[in-house]
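Residues per chain are reported as follows:
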Amino acid sequence: MARPCLVWLRRDLRLADNPALHAAASRGPVIPVYLHAPTEQDDWPEGGASRWWLHHSLERLGASLVQRQSQLIIRRCGDSLEALRELARETGAGTVYWNRLYEPAAIARDRRIKTALREDGLEAASFNARLLREPWEVRKQEGGSYRAFTPFWRNLRKLGPDSAPLDVPRLPTHDHWPTGEAIADLDLLPAIPWYRGFEPCWTPGEDGAQQRLDAFLRERLSGYGGQRDLPACDSTSGLSPHLHFGEIGPRQVWASVQASRLAGSGDAEKFLAEVGWREFAHHLLYHNPGMPTQPLDRRFEDFPWARDADDALEAWQHGRTGIPIVDAGMRQLWETGWMHNRVRMIVGSLLTKNLRIPWQRGEAWFWDTLVDADLANNSMGWQWIQGCGADAAPYFRIFNPVRQGERFDPDGDYVRRWVPELGKLPAEHIHQPWKAPGSALEQAGLRLGSDYPPPIVDLKESRQQALDAYQQIKNG
Ligand SMILES: Cc1cc2nc3c(=O)[nH]c(=O)nc-3n(C[C@H](O)[C@H](O)[C@H](O)COP(=O)(O)OP(=O)(O)OC[C@H]3O[C@@H](n4cnc5c(N)ncnc54)[C@H](O)[C@@H]3O)c2cc1C
(Lines give C-alpha, C1' and ligand atoms only; values in the text may rest on other atoms or scores of the structure.)
Protein backbone atom coordinates (compact mmCIF):
# COMPACT_ATOMS: atom_id res chain seq x y z
CA MET A 1 0.00 0.00 0.00
CA ALA A 2 1.48 3.38 -1.04
CA ARG A 3 2.23 5.82 1.76
CA PRO A 4 -0.18 8.76 1.85
CA CYS A 5 0.74 12.15 0.55
CA LEU A 6 -0.07 15.37 2.41
CA VAL A 7 -1.36 18.18 0.19
CA TRP A 8 -0.90 21.44 2.03
CA LEU A 9 -3.60 23.76 0.69
CA ARG A 10 -3.20 27.48 1.16
CA ARG A 11 -4.56 29.97 -1.36
CA ASP A 12 -5.39 27.30 -3.92
CA LEU A 13 -8.75 26.34 -2.46
CA ARG A 14 -9.95 24.32 -5.43
CA LEU A 15 -9.88 20.80 -6.84
CA ALA A 16 -9.59 21.60 -10.56
CA ASP A 17 -6.29 22.77 -12.02
CA ASN A 18 -4.56 22.09 -8.75
CA PRO A 19 -1.15 20.63 -9.68
CA ALA A 20 -0.17 19.68 -6.10
CA LEU A 21 -3.40 17.74 -5.62
CA HIS A 22 -3.11 16.21 -9.06
CA ALA A 23 0.47 15.04 -8.52
CA ALA A 24 -0.43 13.60 -5.11
CA ALA A 25 -3.48 11.75 -6.43
CA SER A 26 -1.38 10.03 -9.07
CA ARG A 27 0.79 8.50 -6.33
CA GLY A 28 -1.70 7.11 -3.85
CA PRO A 29 -3.84 8.17 -0.87
CA VAL A 30 -4.16 11.94 -0.44
CA ILE A 31 -4.64 13.85 2.81
CA PRO A 32 -5.65 17.47 2.07
CA VAL A 33 -4.58 19.78 4.87
CA TYR A 34 -5.24 23.43 5.70
CA LEU A 35 -3.03 25.00 8.38
CA HIS A 36 -4.16 28.22 9.99
CA ALA A 37 -0.98 30.03 10.99
CA PRO A 38 -1.65 33.80 10.89
CA THR A 39 1.57 34.62 12.77
CA GLU A 40 3.54 33.40 9.76
CA GLN A 41 2.12 36.08 7.48
CA ASP A 42 4.40 38.84 8.69
CA ASP A 43 2.41 42.07 9.07
CA TRP A 44 -0.27 40.82 6.69
CA PRO A 45 -2.54 38.23 8.25
CA GLU A 46 -5.95 38.23 6.55
CA GLY A 47 -8.05 41.29 7.27
CA GLY A 48 -11.67 41.14 8.46
CA ALA A 49 -13.34 40.86 5.04
CA SER A 50 -10.85 38.23 3.86
CA ARG A 51 -11.45 36.16 6.99
CA TRP A 52 -15.17 36.12 6.20
CA TRP A 53 -14.37 34.86 2.72
CA LEU A 54 -11.85 32.30 3.93
CA HIS A 55 -14.34 30.84 6.41
CA HIS A 56 -16.87 30.17 3.67
CA SER A 57 -14.30 29.05 1.13
CA LEU A 58 -12.96 26.42 3.53
CA GLU A 59 -16.51 25.24 4.21
CA ARG A 60 -17.16 24.76 0.48
CA LEU A 61 -13.86 23.03 -0.13
CA GLY A 62 -14.43 20.70 2.83
CA ALA A 63 -17.90 19.81 1.46
CA SER A 64 -16.53 19.11 -2.06
CA LEU A 65 -13.89 16.82 -0.60
CA VAL A 66 -16.46 14.94 1.48
CA GLN A 67 -18.52 14.38 -1.70
CA ARG A 68 -15.44 12.65 -3.08
CA GLN A 69 -14.99 10.43 0.00
CA SER A 70 -12.15 12.67 1.15
CA GLN A 71 -11.78 15.27 3.92
CA LEU A 72 -10.12 18.60 4.59
CA ILE A 73 -7.99 18.32 7.73
CA ILE A 74 -7.79 21.70 9.41
CA ARG A 75 -5.33 22.58 12.16
CA ARG A 76 -4.43 25.80 13.91
CA CYS A 77 -0.73 26.16 14.53
CA GLY A 78 2.08 28.55 15.38
CA ASP A 79 4.55 26.76 13.14
CA SER A 80 3.50 25.08 9.90
CA LEU A 81 6.66 22.98 9.76
CA GLU A 82 5.93 21.38 13.10
CA ALA A 83 2.29 20.82 12.13
CA LEU A 84 3.32 19.11 8.87
CA ARG A 85 5.88 16.95 10.70
CA GLU A 86 3.25 15.92 13.22
CA LEU A 87 0.77 15.07 10.47
CA ALA A 88 3.41 13.06 8.60
CA ARG A 89 4.21 11.10 11.80
CA GLU A 90 0.54 10.44 12.54
CA THR A 91 -0.35 9.30 9.02
CA GLY A 92 2.91 7.72 7.84
CA ALA A 93 2.96 10.18 4.91
CA GLY A 94 6.18 10.18 2.93
CA THR A 95 5.42 13.19 0.73
CA VAL A 96 4.25 16.78 1.17
CA TYR A 97 3.10 18.77 -1.87
CA TRP A 98 1.87 22.35 -2.13
CA ASN A 99 1.35 25.15 -4.64
CA ARG A 100 3.57 28.19 -4.43
CA LEU A 101 2.81 31.63 -2.97
CA TYR A 102 4.79 34.78 -3.76
CA GLU A 103 4.55 37.01 -0.68
CA PRO A 104 8.01 37.54 0.85
CA ALA A 105 7.08 35.95 4.21
CA ALA A 106 5.52 32.93 2.49
CA ILE A 107 8.55 32.44 0.23
CA ALA A 108 10.94 32.48 3.19
CA ARG A 109 8.76 30.10 5.23
CA ASP A 110 8.19 27.67 2.37
CA ARG A 111 11.92 27.50 1.56
CA ARG A 112 12.71 26.73 5.18
CA ILE A 113 10.00 24.07 5.30
CA LYS A 114 11.05 22.41 2.06
CA THR A 115 14.65 22.10 3.24
CA ALA A 116 13.67 20.81 6.69
CA LEU A 117 11.22 18.21 5.35
CA ARG A 118 13.78 16.92 2.89
CA GLU A 119 16.32 16.66 5.73
CA ASP A 120 13.70 14.58 7.58
CA GLY A 121 13.72 12.19 4.61
CA LEU A 122 10.34 13.25 3.20
CA GLU A 123 9.71 14.20 -0.38
CA ALA A 124 8.69 17.86 -0.52
CA ALA A 125 7.76 19.59 -3.78
CA SER A 126 5.91 22.73 -4.85
CA PHE A 127 3.99 23.63 -8.03
CA ASN A 128 2.52 26.61 -9.84
CA ALA A 129 -1.23 27.04 -9.45
CA ARG A 130 -1.42 30.78 -8.98
CA LEU A 131 0.05 32.39 -12.08
CA LEU A 132 0.13 31.94 -15.83
CA ARG A 133 3.90 32.01 -15.57
CA GLU A 134 6.29 32.11 -12.65
CA PRO A 135 7.69 35.59 -11.88
CA TRP A 136 11.17 34.43 -12.85
CA GLU A 137 10.05 32.99 -16.18
CA VAL A 138 9.03 36.32 -17.70
CA ARG A 139 12.39 37.99 -18.34
CA LYS A 140 13.57 40.89 -20.43
CA GLN A 141 15.50 39.88 -23.51
CA GLU A 142 18.64 41.39 -22.03
CA GLY A 143 17.86 39.68 -18.70
CA GLY A 144 16.30 41.07 -15.53
CA SER A 145 12.76 41.73 -14.40
CA TYR A 146 10.25 44.22 -15.77
CA ARG A 147 9.26 47.61 -14.36
CA ALA A 148 6.82 48.55 -17.13
CA PHE A 149 3.56 46.75 -17.85
CA THR A 150 3.41 47.00 -21.66
CA PRO A 151 6.62 45.09 -22.49
CA PHE A 152 5.92 42.65 -19.64
CA TRP A 153 2.49 41.90 -21.06
CA ARG A 154 3.73 41.67 -24.62
CA ASN A 155 6.17 38.98 -23.51
CA LEU A 156 3.68 37.12 -21.31
CA ARG A 157 0.92 37.32 -23.92
CA LYS A 158 3.28 35.60 -26.35
CA LEU A 159 4.39 32.96 -23.84
CA GLY A 160 0.84 32.20 -22.69
CA PRO A 161 0.15 29.91 -19.72
CA ASP A 162 2.74 27.30 -18.76
CA SER A 163 0.24 24.47 -19.36
CA ALA A 164 -3.41 23.67 -20.02
CA PRO A 165 -5.61 23.50 -16.90
CA LEU A 166 -5.82 20.14 -15.15
CA ASP A 167 -9.06 18.27 -14.45
CA VAL A 168 -10.28 17.40 -10.97
CA PRO A 169 -8.30 14.27 -10.09
CA ARG A 170 -9.89 11.08 -8.82
CA LEU A 171 -8.87 10.95 -5.17
CA PRO A 172 -7.78 7.45 -4.10
CA THR A 173 -9.74 6.33 -1.03
CA HIS A 174 -8.15 6.34 2.35
CA ASP A 175 -9.27 4.95 5.73
CA HIS A 176 -7.04 6.41 8.42
CA TRP A 177 -7.75 10.11 8.76
CA PRO A 178 -5.91 12.25 11.28
CA THR A 179 -8.00 14.46 13.55
CA GLY A 180 -8.68 18.06 12.59
CA GLU A 181 -10.45 21.09 13.97
CA ALA A 182 -13.79 22.54 12.97
CA ILE A 183 -13.73 25.62 10.74
CA ALA A 184 -15.66 27.53 13.38
CA ASP A 185 -12.76 26.96 15.82
CA LEU A 186 -10.55 29.14 13.62
CA ASP A 187 -12.63 32.16 14.73
CA LEU A 188 -12.47 33.68 11.27
CA LEU A 189 -15.83 35.41 11.38
CA PRO A 190 -15.66 38.85 13.00
CA ALA A 191 -17.55 39.12 16.32
CA ILE A 192 -19.63 42.03 14.99
CA PRO A 193 -21.44 40.87 11.85
CA TRP A 194 -20.62 43.92 9.69
CA TYR A 195 -20.25 41.52 6.79
CA ARG A 196 -24.00 40.92 6.39
CA GLY A 197 -23.98 43.02 3.20
CA PHE A 198 -21.42 40.66 1.62
CA GLU A 199 -23.73 37.67 1.76
CA PRO A 200 -26.07 38.54 -1.12
CA CYS A 201 -23.12 39.67 -3.30
CA TRP A 202 -20.80 36.68 -3.19
CA THR A 203 -20.67 32.91 -3.33
CA PRO A 204 -17.22 31.94 -2.06
CA GLY A 205 -15.86 28.61 -3.25
CA GLU A 206 -14.90 26.83 -6.43
CA ASP A 207 -18.46 26.43 -7.77
CA GLY A 208 -19.20 30.11 -7.13
CA ALA A 209 -16.01 31.05 -9.00
CA GLN A 210 -16.86 28.87 -11.99
CA GLN A 211 -20.43 30.20 -12.12
CA ARG A 212 -19.14 33.77 -12.00
CA LEU A 213 -16.69 33.13 -14.83
CA ASP A 214 -19.36 31.41 -16.95
CA ALA A 215 -21.87 34.23 -16.40
CA PHE A 216 -19.23 36.84 -17.22
CA LEU A 217 -18.24 35.13 -20.48
CA ARG A 218 -21.89 34.68 -21.44
CA GLU A 219 -23.23 38.08 -20.50
CA ARG A 220 -20.51 40.69 -20.04
CA LEU A 221 -17.32 39.88 -21.93
CA SER A 222 -18.93 41.35 -25.02
CA GLY A 223 -18.62 45.09 -24.43
CA TYR A 224 -16.12 44.71 -21.55
CA GLY A 225 -13.54 47.01 -23.17
CA GLY A 226 -15.97 49.90 -23.41
CA GLN A 227 -17.91 49.36 -20.20
CA ARG A 228 -15.33 48.22 -17.67
CA ASP A 229 -14.70 51.78 -16.50
CA LEU A 230 -18.34 52.54 -15.70
CA PRO A 231 -19.00 51.72 -12.06
CA ALA A 232 -22.79 51.85 -12.38
CA CYS A 233 -22.74 48.99 -14.89
CA ASP A 234 -22.06 45.56 -13.51
CA SER A 235 -19.63 45.03 -16.35
CA THR A 236 -16.50 43.46 -14.88
CA SER A 237 -16.05 39.83 -13.87
CA GLY A 238 -15.98 40.13 -10.06
CA LEU A 239 -13.46 37.29 -10.10
CA SER A 240 -10.84 39.04 -7.94
CA PRO A 241 -11.63 37.38 -4.57
CA HIS A 242 -11.99 33.98 -6.25
CA LEU A 243 -8.61 34.44 -7.91
CA HIS A 244 -7.08 35.66 -4.67
CA PHE A 245 -8.16 32.58 -2.72
CA GLY A 246 -7.31 30.32 -5.63
CA GLU A 247 -10.86 29.05 -6.06
CA ILE A 248 -10.15 29.43 -9.74
CA GLY A 249 -6.76 29.84 -11.39
CA PRO A 250 -5.62 32.14 -14.20
CA ARG A 251 -4.93 29.17 -16.50
CA GLN A 252 -8.61 28.23 -16.23
CA VAL A 253 -9.68 31.82 -16.92
CA TRP A 254 -7.35 32.03 -19.90
CA ALA A 255 -8.50 28.71 -21.37
CA SER A 256 -12.20 29.64 -20.98
CA VAL A 257 -11.71 33.00 -22.69
CA GLN A 258 -9.81 31.34 -25.53
CA ALA A 259 -12.55 28.73 -25.90
CA SER A 260 -15.31 31.37 -25.98
CA ARG A 261 -16.89 32.73 -29.13
CA LEU A 262 -15.20 36.08 -28.42
CA ALA A 263 -11.65 34.68 -28.41
CA GLY A 264 -9.28 37.09 -30.15
CA SER A 265 -11.73 40.01 -30.01
CA GLY A 266 -10.77 43.39 -28.57
CA ASP A 267 -12.94 42.72 -25.51
CA ALA A 268 -11.32 39.35 -24.84
CA GLU A 269 -7.82 40.78 -25.24
CA LYS A 270 -8.62 43.67 -22.90
CA PHE A 271 -9.89 41.25 -20.28
CA LEU A 272 -6.81 39.02 -20.60
CA ALA A 273 -4.63 42.12 -20.23
CA GLU A 274 -6.36 42.88 -16.91
CA VAL A 275 -5.53 39.38 -15.76
CA GLY A 276 -2.05 40.32 -16.99
CA TRP A 277 -1.97 43.22 -14.49
CA ARG A 278 -2.43 40.67 -11.74
CA GLU A 279 0.54 38.73 -13.11
CA PHE A 280 2.55 41.96 -13.31
CA ALA A 281 1.76 42.75 -9.66
CA HIS A 282 3.06 39.33 -8.59
CA HIS A 283 6.12 39.79 -10.79
CA LEU A 284 6.81 43.16 -9.15
CA LEU A 285 6.29 41.86 -5.62
CA TYR A 286 8.55 38.86 -6.22
CA HIS A 287 11.36 41.05 -7.54
CA ASN A 288 10.71 43.94 -5.10
CA PRO A 289 9.77 42.31 -1.78
CA GLY A 290 9.64 45.71 -0.03
CA MET A 291 6.74 46.86 -2.24
CA PRO A 292 3.99 46.58 0.41
CA THR A 293 5.64 49.22 2.60
CA GLN A 294 8.38 51.03 0.68
CA PRO A 295 7.82 53.24 -2.36
CA LEU A 296 9.57 51.80 -5.40
CA ASP A 297 10.50 55.38 -6.24
CA ARG A 298 12.58 56.07 -3.14
CA ARG A 299 12.24 59.86 -3.49
CA PHE A 300 8.75 59.46 -2.00
CA GLU A 301 10.24 58.44 1.34
CA ASP A 302 10.74 62.18 1.92
CA PHE A 303 7.30 63.26 0.73
CA PRO A 304 5.84 66.00 2.97
CA TRP A 305 2.61 64.33 4.10
CA ALA A 306 -0.14 66.38 5.72
CA ARG A 307 -0.02 66.63 9.49
CA ASP A 308 -3.02 65.93 11.78
CA ALA A 309 -4.96 64.13 9.09
CA ASP A 310 -6.72 61.61 11.35
CA ASP A 311 -10.15 63.24 11.01
CA ALA A 312 -9.82 63.36 7.23
CA LEU A 313 -8.76 59.71 7.16
CA GLU A 314 -11.80 58.76 9.20
CA ALA A 315 -14.14 60.75 6.96
CA TRP A 316 -12.62 58.99 3.93
CA GLN A 317 -12.93 55.54 5.51
CA HIS A 318 -16.57 56.07 6.37
CA GLY A 319 -17.68 57.69 3.11
CA ARG A 320 -18.27 61.13 4.64
CA THR A 321 -15.88 63.31 2.62
CA GLY A 322 -18.67 65.30 0.97
CA ILE A 323 -17.34 64.27 -2.46
CA PRO A 324 -20.06 62.00 -3.83
CA ILE A 325 -18.14 59.58 -6.05
CA VAL A 326 -15.55 59.05 -3.30
CA ASP A 327 -18.21 58.46 -0.65
CA ALA A 328 -20.08 56.11 -2.98
CA GLY A 329 -16.92 54.02 -3.45
CA MET A 330 -16.05 53.89 0.24
CA ARG A 331 -19.60 52.87 1.13
CA GLN A 332 -19.68 50.22 -1.59
CA LEU A 333 -16.48 48.86 -0.08
CA TRP A 334 -17.90 48.77 3.45
CA GLU A 335 -21.20 47.23 2.36
CA THR A 336 -19.99 44.64 -0.14
CA GLY A 337 -16.25 44.13 0.53
CA TRP A 338 -15.43 45.25 -3.01
CA MET A 339 -15.06 48.47 -4.99
CA HIS A 340 -15.00 49.10 -8.70
CA ASN A 341 -11.47 49.57 -10.11
CA ARG A 342 -12.08 53.06 -11.49
CA VAL A 343 -13.42 54.19 -8.13
CA ARG A 344 -10.47 52.58 -6.30
CA MET A 345 -8.28 54.94 -8.33
CA ILE A 346 -10.47 57.96 -7.58
CA VAL A 347 -10.63 57.38 -3.81
CA GLY A 348 -6.90 56.60 -3.79
CA SER A 349 -6.05 59.81 -5.56
CA LEU A 350 -8.13 61.90 -3.17
CA LEU A 351 -6.49 60.25 -0.16
CA THR A 352 -2.87 60.45 -1.26
CA LYS A 353 -2.90 63.66 -3.27
CA ASN A 354 -5.68 66.02 -2.15
CA LEU A 355 -5.52 64.90 1.48
CA ARG A 356 -1.80 64.01 1.35
CA ILE A 357 -2.27 60.99 3.59
CA PRO A 358 0.37 58.27 3.09
CA TRP A 359 -0.68 55.58 0.62
CA GLN A 360 0.17 52.92 3.20
CA ARG A 361 -2.81 54.04 5.29
CA GLY A 362 -5.18 53.57 2.38
CA GLU A 363 -3.53 50.26 1.64
CA ALA A 364 -4.10 49.15 5.26
CA TRP A 365 -7.79 50.10 5.15
CA PHE A 366 -8.29 48.24 1.89
CA TRP A 367 -6.43 45.28 3.38
CA ASP A 368 -8.96 45.04 6.17
CA THR A 369 -12.13 45.72 4.19
CA LEU A 370 -11.66 44.17 0.72
CA VAL A 371 -12.70 40.57 0.16
CA ASP A 372 -10.09 40.48 -2.63
CA ALA A 373 -7.30 42.05 -0.49
CA ASP A 374 -4.13 40.77 -2.11
CA LEU A 375 -0.65 41.88 -1.12
CA ALA A 376 0.67 42.08 -4.68
CA ASN A 377 -2.35 43.76 -6.30
CA ASN A 378 -3.09 46.06 -3.40
CA SER A 379 0.42 47.39 -2.94
CA MET A 380 0.93 47.81 -6.67
CA GLY A 381 -2.45 49.62 -6.93
CA TRP A 382 -1.61 52.03 -4.12
CA GLN A 383 1.88 52.77 -5.41
CA TRP A 384 0.43 53.28 -8.87
CA ILE A 385 -2.13 55.80 -7.71
CA GLN A 386 0.36 57.60 -5.46
CA GLY A 387 2.75 57.84 -8.41
CA CYS A 388 5.65 56.19 -6.59
CA GLY A 389 5.42 52.70 -8.11
CA ALA A 390 6.61 50.90 -11.21
CA ASP A 391 4.86 52.12 -14.34
CA ALA A 392 2.78 54.37 -12.10
CA ALA A 393 0.52 57.25 -13.02
CA PRO A 394 2.76 60.33 -13.04
CA TYR A 395 2.41 62.21 -9.78
CA PHE A 396 1.21 65.39 -11.43
CA ARG A 397 -1.80 63.59 -12.94
CA ILE A 398 -4.16 64.30 -10.10
CA PHE A 399 -7.66 62.95 -10.62
CA ASN A 400 -10.38 65.54 -10.25
CA PRO A 401 -13.14 63.47 -8.60
CA VAL A 402 -15.88 65.75 -9.94
CA ARG A 403 -14.66 65.38 -13.54
CA GLN A 404 -14.14 61.64 -13.01
CA GLY A 405 -17.68 61.31 -11.71
CA GLU A 406 -19.12 63.28 -14.63
CA ARG A 407 -17.18 61.17 -17.11
CA PHE A 408 -17.59 57.68 -15.69
CA ASP A 409 -20.92 58.04 -13.86
CA PRO A 410 -22.62 60.57 -16.14
CA ASP A 411 -26.17 59.87 -14.95
CA GLY A 412 -25.12 59.65 -11.31
CA ASP A 413 -26.57 56.16 -10.93
CA TYR A 414 -23.57 54.82 -9.04
CA VAL A 415 -23.63 57.72 -6.60
CA ARG A 416 -27.40 57.37 -6.11
CA ARG A 417 -27.05 53.66 -5.33
CA TRP A 418 -24.49 54.15 -2.56
CA VAL A 419 -25.25 57.66 -1.29
CA PRO A 420 -29.04 57.55 -1.08
CA GLU A 421 -29.29 60.95 0.59
CA LEU A 422 -28.31 62.43 -2.80
CA GLY A 423 -30.83 60.21 -4.58
CA LYS A 424 -33.12 62.98 -5.76
CA LEU A 425 -30.45 65.38 -7.05
CA PRO A 426 -30.49 65.71 -10.83
CA ALA A 427 -27.42 64.39 -12.71
CA GLU A 428 -26.09 67.89 -13.43
CA HIS A 429 -25.54 68.53 -9.69
CA ILE A 430 -24.95 65.08 -8.29
CA HIS A 431 -21.15 65.17 -8.49
CA GLN A 432 -20.81 68.55 -6.80
CA PRO A 433 -23.87 69.20 -4.64
CA TRP A 434 -22.08 72.12 -2.96
CA LYS A 435 -22.46 74.05 -6.21
CA ALA A 436 -26.15 73.21 -6.70
CA PRO A 437 -28.50 76.19 -6.41
CA GLY A 438 -30.67 76.34 -3.30
CA SER A 439 -33.80 75.57 -5.33
CA ALA A 440 -32.31 72.30 -6.64
CA LEU A 441 -31.30 71.28 -3.12
CA GLU A 442 -34.73 72.11 -1.81
CA GLN A 443 -36.45 70.12 -4.53
CA ALA A 444 -34.21 67.16 -3.77
CA GLY A 445 -35.02 67.50 -0.06
CA LEU A 446 -31.33 67.84 0.73
CA ARG A 447 -29.87 69.99 3.51
CA LEU A 448 -26.12 70.24 2.95
CA GLY A 449 -24.27 70.13 6.22
CA SER A 450 -26.87 68.05 8.04
CA ASP A 451 -28.04 65.40 5.53
CA TYR A 452 -24.73 65.31 3.68
CA PRO A 453 -21.41 67.02 4.52
CA PRO A 454 -19.76 69.79 2.52
CA PRO A 455 -16.43 68.70 0.95
CA ILE A 456 -13.72 68.18 3.56
CA VAL A 457 -11.12 69.61 1.21
CA ASP A 458 -10.96 72.32 -1.44
CA LEU A 459 -10.11 70.35 -4.56
CA LYS A 460 -8.35 73.14 -6.42
CA GLU A 461 -6.27 74.40 -3.51
CA SER A 462 -5.28 70.91 -2.35
CA ARG A 463 -4.29 69.97 -5.89
CA GLN A 464 -1.86 72.88 -5.96
CA GLN A 465 -0.50 71.98 -2.53
CA ALA A 466 0.09 68.41 -3.71
CA LEU A 467 1.98 69.67 -6.77
CA ASP A 468 4.08 71.96 -4.54
CA ALA A 469 4.86 69.03 -2.25
CA TYR A 470 5.90 66.98 -5.27
CA GLN A 471 8.24 69.77 -6.41
CA GLN A 472 10.05 69.44 -3.06
CA ILE A 473 11.03 65.81 -3.70
CA LYS A 474 11.17 65.82 -7.49
CA ASN A 475 14.83 66.50 -7.94
CA GLY A 476 15.84 65.01 -4.62
C1 LIG B 1 -5.64 51.36 -5.00
C2 LIG B 1 -5.97 50.01 -5.60
C3 LIG B 1 -5.97 48.87 -4.80
C4 LIG B 1 -6.28 47.60 -5.34
N5 LIG B 1 -6.26 46.50 -4.52
C6 LIG B 1 -6.52 45.27 -5.05
C7 LIG B 1 -6.49 44.11 -4.22
O8 LIG B 1 -6.19 44.16 -3.03
N9 LIG B 1 -6.81 42.92 -4.81
C10 LIG B 1 -7.11 42.80 -6.13
O11 LIG B 1 -7.39 41.69 -6.60
N12 LIG B 1 -7.11 43.89 -6.93
C13 LIG B 1 -6.83 45.11 -6.44
N14 LIG B 1 -6.85 46.21 -7.26
C15 LIG B 1 -7.04 46.02 -8.71
C16 LIG B 1 -8.48 46.06 -9.25
O17 LIG B 1 -9.16 47.17 -8.74
C18 LIG B 1 -9.27 44.79 -8.95
O19 LIG B 1 -8.52 43.65 -9.28
C20 LIG B 1 -10.57 44.75 -9.76
O21 LIG B 1 -11.35 45.88 -9.46
C22 LIG B 1 -11.32 43.49 -9.45
O23 LIG B 1 -12.57 43.48 -10.06
P24 LIG B 1 -12.93 42.42 -11.17
O25 LIG B 1 -12.54 41.05 -10.70
O26 LIG B 1 -14.33 42.63 -11.56
O27 LIG B 1 -11.94 42.84 -12.35
P28 LIG B 1 -11.95 42.53 -13.91
O29 LIG B 1 -11.97 43.81 -14.62
O30 LIG B 1 -13.00 41.54 -14.25
O31 LIG B 1 -10.51 41.90 -14.15
C32 LIG B 1 -10.24 40.49 -14.10
C33 LIG B 1 -9.15 40.20 -13.09
O34 LIG B 1 -7.94 40.84 -13.47
C35 LIG B 1 -7.22 41.25 -12.30
N36 LIG B 1 -7.09 42.72 -12.33
C37 LIG B 1 -7.91 43.61 -12.92
N38 LIG B 1 -7.43 44.88 -12.77
C39 LIG B 1 -6.28 44.75 -12.06
C40 LIG B 1 -5.32 45.69 -11.57
N41 LIG B 1 -5.42 47.01 -11.82
N42 LIG B 1 -4.29 45.23 -10.85
C43 LIG B 1 -4.15 43.90 -10.61
N44 LIG B 1 -5.02 42.97 -11.04
C45 LIG B 1 -6.07 43.39 -11.75
C46 LIG B 1 -8.06 40.84 -11.10
O47 LIG B 1 -7.57 39.61 -10.62
C48 LIG B 1 -9.44 40.70 -11.69
O49 LIG B 1 -10.25 39.78 -10.99
C50 LIG B 1 -6.57 47.49 -6.74
C51 LIG B 1 -6.57 48.64 -7.52
C52 LIG B 1 -6.28 49.89 -6.97
C53 LIG B 1 -6.30 51.11 -7.85
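Focus on the site of the ligand
Now for step 1: The environment of the ligand is made up of 27 residues, and the closest members are Thr236, Ser237, Ser240, Asn378 and Gly381.
Now for step 2: Within the residue set of the shell around the ligand, elements represented by two or more residues are helix H8 (240–244), helix H10 (266–287), helix H13 (341–354) and helix H15 (375–386).
Now for step 3: Looking at side-chain class alone, the shell around the ligand contains eleven nonpolar, ten polar and six charged residues.

Details of H13
The α-helix winds at 3.6 residues per turn, so residues separated by three or four positions along the chain end up facing the same way.
Now for step 1: In this model, H13 (14 residues) spans 19 Å end to end at C-alpha, consistent with the 20 Å of a helix rising 1.5 Å per residue.
Now for step 2: Extensive coverage of H13 is indicated by the burial of 13 of its 14 residues.
Now for step 3: Just beyond H13, the residue with positive phi is Arg356, at close to 50 degrees.

So, the sheet that holds strand S5 (residues 123–127)
Now for step 1: Read from one edge to the other, the open sheet built from five strands follows the order S3-S2-S1-S4-S5, with strand pairing classed as parallel. The outermost strands of the open sheet, each flanked by one partner alone, are strand S3 (73–76) and S5. Ignoring strand direction, the axes of neighbouring strands in this sheet form an average angle of 25 degrees.
Now for step 2: With respect to the sheet, helix H4 (residues 104–119) is in contact with strand S4 (95–99) and S5, its orientation differing from that of S5 by roughly 150 degrees.

Quick look at unusual backbone geometry
Now for step 1: Even without being glycine, Gln69 reaches a positive phi, approximately 55 degrees.
Now for step 2: Considering the arrangement of structural elements, one finds Gln69 in the loop between helix H2 (48–67) and S3.
Now for step 3: Positive phi outside glycine occurs at Asp187, with the angle close to 55 degrees.
Now for step 4: Structurally, Asp187 is set in the loop between helix H5 (149–159) and helix H6 (206–219).
Now for step 5: The exposure class of Asp187 is exposed, given the 12 C-beta atoms found within 10 Å.

Some remarks on the packing of helix H9 (residues 250–259) against H10
When two helices pack together, their arrangement is given by the angle between their axes and by how far apart the axes lie.
Now for step 1: Across the interface, H9 lies against H10 with an axial gap of 11 Å and an inter-helix angle of 175 degrees. What the angle tells us is that H9 and H10 run roughly antiparallel. Each of Pro250, Val253, Trp254 and Val257 in H9 lies in contact with H10, whose residues at this interface are Ala268, Phe271, Leu272 and Val275.
Now for step 2: A breakdown of the residues in the contact of H9 with H10 according to their chemical character gives eight nonpolar, no polar and no charged.

Concerning the domain arrangement of the protein chain
Now for step 1: Assigned domains of the protein chain: these are domain 1 (5–130), domain 2 (131–164 + 205–287) and domain 3 (298–474).
Now for step 2: Each partner contributes residues to the interface: domain 1 has eight residues there, and domain 3 has nine residues.
Now for step 3: Here the residues of the side of domain 1 that touches domain 3 sort into four nonpolar, three polar and one charged.

Quick notes on the environment of Leu441
Now for step 1: Within the secondary structure layout, Leu441 lies in helix H19 (residues 438–443).
Now for step 2: Judged by C-beta crowding, with 19 C-beta atoms within 10 Å, Leu441 ranks as partly exposed.
Now for step 3: Residues Leu441 and Lys424, 17 residues apart in the sequence, show an inter-C-alpha distance of 8.9 Å.
Now for step 4: Excluding its chain neighbours within four sequence positions, the residues that come into contact with Leu441 are Ala436, Leu446 and Leu448.

Quick look at the environment of Arg228
Now for step 1: If you trace the backbone, Arg228 turns up in the loop between helix H7 (224–227) and H8.
Now for step 2: Judged by the 20 C-beta atoms lying within 10 Å of it, Arg228 falls in the buried class.
Now for step 3: On a C-alpha basis, the gap between Arg228 and Gly266 in space is 13 Å, while along the polypeptide they are 38 residues apart.
Now for step 4: The contact partners of Arg228, leaving out residues within four places of it in the chain, are Ser235 and Thr236.

Observations concerning the packing of H13 against H15
Now for step 1: Axis separation between H13 and H15 bottoms out at 9 Å; the angle between their running directions is 60 degrees. Of the possible angle classes, the one that applies to H13 and H15 is oblique. When you trace H13 past H15, the crossing you get is right-handed. For the pair H13 and H15, contact is made by Arg344, Met345, Gly348, Ser349 and Thr352 and by Gly381, Trp382, Ile385 and Gln386, respectively.
Now for step 2: Of the residues in the contact of H13 with H15, the class split is three nonpolar, five polar and one charged.

Here is what the cut-offs are and how they apply
- Residues numbered from 1 in each chain as written.
- Predicted model: local features only at pLDDT ≥ 70, side-chain atom pairs only at ≥ 80, totals over all residues.
- Near = placed C-beta within 6 Å.
- Helix = DSSP H or I, 4+ residues; strand = E, 2+ residues; numbered from the N terminus.
- Nonpolar A, V, L, I, M, F, W, Y, C, P; charged D, E, K, R; others polar.
- Expected span 1.5 Å × (residues − 1).
- Buried ≥ 20, exposed ≤ 12 C-beta atoms within 10 Å, placed from the backbone.
- Pairing = 2+ DSSP bridges.
- Axes fitted to C-alpha atoms, helices over the stretch in contact; angles between N-to-C directions.
- Contact = placed C-beta atoms within 7 Å.
- Parallel < 35°, antiparallel > 145°, perpendicular 65-115°, else oblique.
- Domains from an automatic or database assignment.
- Left-handed = near helix turned anticlockwise from the far one by under 90°.

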